Amino acid sequence: MGLAISDNRRFLIRDDGQPFFFMGDTAWELFHRLNREEGEKYLRDRAAKGFTVIQAVALAELDGLNTPNPYGHTPLVNNDPTKPNEEYWEHVDFLVEKANQLGLFIGMLPTWGDKWHPKWGVGPRIFNPENARAYGAWIAHRYRQRNIIWILGGDRNPEVVELSVKLDDLELPQEAREAAEKEIERLNRMSPASAEYNVSRNYLDWLLELPWSSQTEDSLNIRQAATILDEDHFDL
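Calculation notes
- Residues numbered from 1 in each chain as written.
- Predicted model: local features only at pLDDT ≥ 70, side-chain atom pairs only at ≥ 80, totals over all residues.
- Heavy atoms only, no water.
- Helix = DSSP H or I, 4+ residues; strand = E, 2+ residues; numbered from the N terminus.
- Rg over C-alpha atoms; globule rule 2.2 N^0.38 Å.
- Buried < 20%, exposed > 50% of the residue type's maximum accessible area, 1.4 Å probe, protein only.
- Contact = heavy atoms within 4.5 Å.
- Areas by Shrake-Rupley, 256 points an atom, 1.4 Å probe, with all protein chains shown as cover.
- Lys, Arg positive; Asp, Glu negative; His and termini not counted.
- Charge placed at Lys NZ, Arg CZ, Asp CG, Glu CD.
- Phe/Tyr/Trp six-rings, centres within 6.5 Å; stacked < 30°, edge-to-face > 60°.
- Pairing = 2+ DSSP bridges.
- Axes fitted to C-alpha atoms, helices over the stretch in contact; angles between N-to-C directions.
- Parallel < 35°, antiparallel > 145°, perpendicular 65-115°, else oblique.
- Left-handed = near helix turned anticlockwise from the far one by under 90°.
- Nonpolar A, V, L, I, M, F, W, Y, C, P; charged D, E, K, R; others polar.

Colleague: Looking at this structure, I do not really get the overall build of the protein. What am I missing?
Modeller: Summing up its helical and strand segments, the protein has eight helices and six strands in all. Listed N to C, the secondary structure of the protein is β-β-β-α-α-β-α-β-α-β-α-α-α-α in terms of helices and strands. Its C-alpha radius of gyration of 25 Å places the protein more than 25% over the 18 Å reference for a compact globule of 236 residues. Along the longest, intermediate and shortest principal axes, the C-alpha atoms of the protein span 85 × 45 × 30 Å. Of all 236 residues assigned to the protein, the portion counted as buried reaches 36%. In the protein, the proportion of contacts linking residues at least 24 apart, taken out of those at least 6 apart, comes to 67%. Per element, the accessible surface of the protein, about 14600 Å² overall, is 51% carbon and sulfur. The centroid of the 26 positive side-chain charges in the protein is displaced by 9 Å from the centroid of its 39 negative side-chain charges.

See the structure below:
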């Protein structure tokens, strides 16, 4: 049982050419909070009700890194994305396989967003471009033969998240930081199509590009300044 894109590229189809109806139920904490018996009961119920997709998160939202699953296992060794804990993932394997047996696809989020930026969750922040690439390759390979619909985004504006990450890495005076945080929150509530969005975004770009923590050794020698100006800008 697989999915493909229709010839007119307007909808998904099953292997037999029939259109696929995405009727999803959200169970973000399926892998994290339910044991096998509870998970199977839930999946059978949703299959019987006609659902076709169950949306769940591999690295869960509710302290999914440090609070263990019902069997006492956490997903990563020392919260390292390059070191998956096999015992945790065997439980995920079971639930994915059970869902597929019941004719359900898993809408799989590889991770909740707070593992990249904890602004909207407890975190911790564990991902960087290098280990995110390694984790993504690993989880894609593990479930390559399962009926998975990969969900690689969320309901957060990525521009806002990128600005928040950039702000976290800067050493700003407290007043400037508070102003930037307030403006980022304001930007997050705006439609990107509004004119005010671009005004706010440009202001934040300027604010975050200022050399807040940089210092230079300046020369206050007026005669030297006059010499340089005469050489470079004579007669202007």
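Colleague: Which parts of the structure should I look at to understand helix H5 (residues 158-168)?
Modeller: At 3.6 residues per turn, the α-helix brings residues three or four places apart onto the same side. When H5 is considered as a whole, its buried residues turn out to be Val160, Val161, Leu163, Ser164, Val165 and Leu167. In this structure, the buried residues of H5 make contact with helix H6 (174-188) and helix H7 (195-209).

Colleague: Help me understand the packing of aromatic side chains in this model?
Modeller: A ring pair, where both rings are aromatic, is described by two values, the distance of the centres and the angle of the planes. Applying the stated rule across the entire model yields seven aromatic pairs. Measuring from centroid to centroid gives 5.2 Å for phenylalanine 20 and phenylalanine 105, while their planes differ by 65 degrees, and the two rings are edge-to-face. Of the two residues, phenylalanine 20 is situated in the loop between strand S2 (12-14) and strand S3 (24-26) and phenylalanine 105 in strand S5 (residues 105-109); the sequence distance between them amounts to 85 residues. Through a chain of ring-to-ring contacts, three or more aromatic side chains come together here, namely Tyr88, Trp89, Phe127, Tyr135 and Trp138.

Colleague: Whenever I open this one, the sheet that holds S3 confuses me. Can you help?
Modeller: Whenever strands of a sheet pair, they do so through backbone hydrogen bonds, lying parallel or antiparallel. Read from one edge to the other, the open sheet built from four strands follows the order S3-S4-S5-S6, with strand pairing classed as parallel. Here the strands that pair on one side only, and so sit at the sheet edges, are S3 and strand S6 (148-150). With direction set aside, neighbouring strand axes in the sheet form an average angle of 30 degrees. Strand direction decides the pairing type here: S5 and S6, joined by three bridges, are parallel. Paired with glycine 107 across the two strands is isoleucine 149, which belongs to S6. Strands in contact with helix H3 (residues 86-101) are S5 and S6; relative to S5, the strand with the most contacts, it is inclined by about 145 degrees.

Colleague: I'm lost on the packing of H6 against H7 in this one. Help?
Modeller: To characterise two packed helices, one gives the angle between the axes of the helices and the distance between these axes. Two numbers describe how H6 lies on H7: the axes approach to 10 Å, and their chain directions differ by 155 degrees. Judged by the inter-axis angle, H6 sits roughly antiparallel to H7. You can see that H6 and H7 cross each other, and the crossing is left-handed. Residue-level inspection shows Ala176, Ala179, Ala180, Glu183, Ile184, Arg186 and Leu187 of H6 in contact with H7, the latter providing Glu196, Tyr197, Ser200, Arg201, Tyr203, Leu204, Leu207 and Leu208. Considered class by class, the residues forming the contact of H6 with H7 number ten nonpolar, one polar and four charged.

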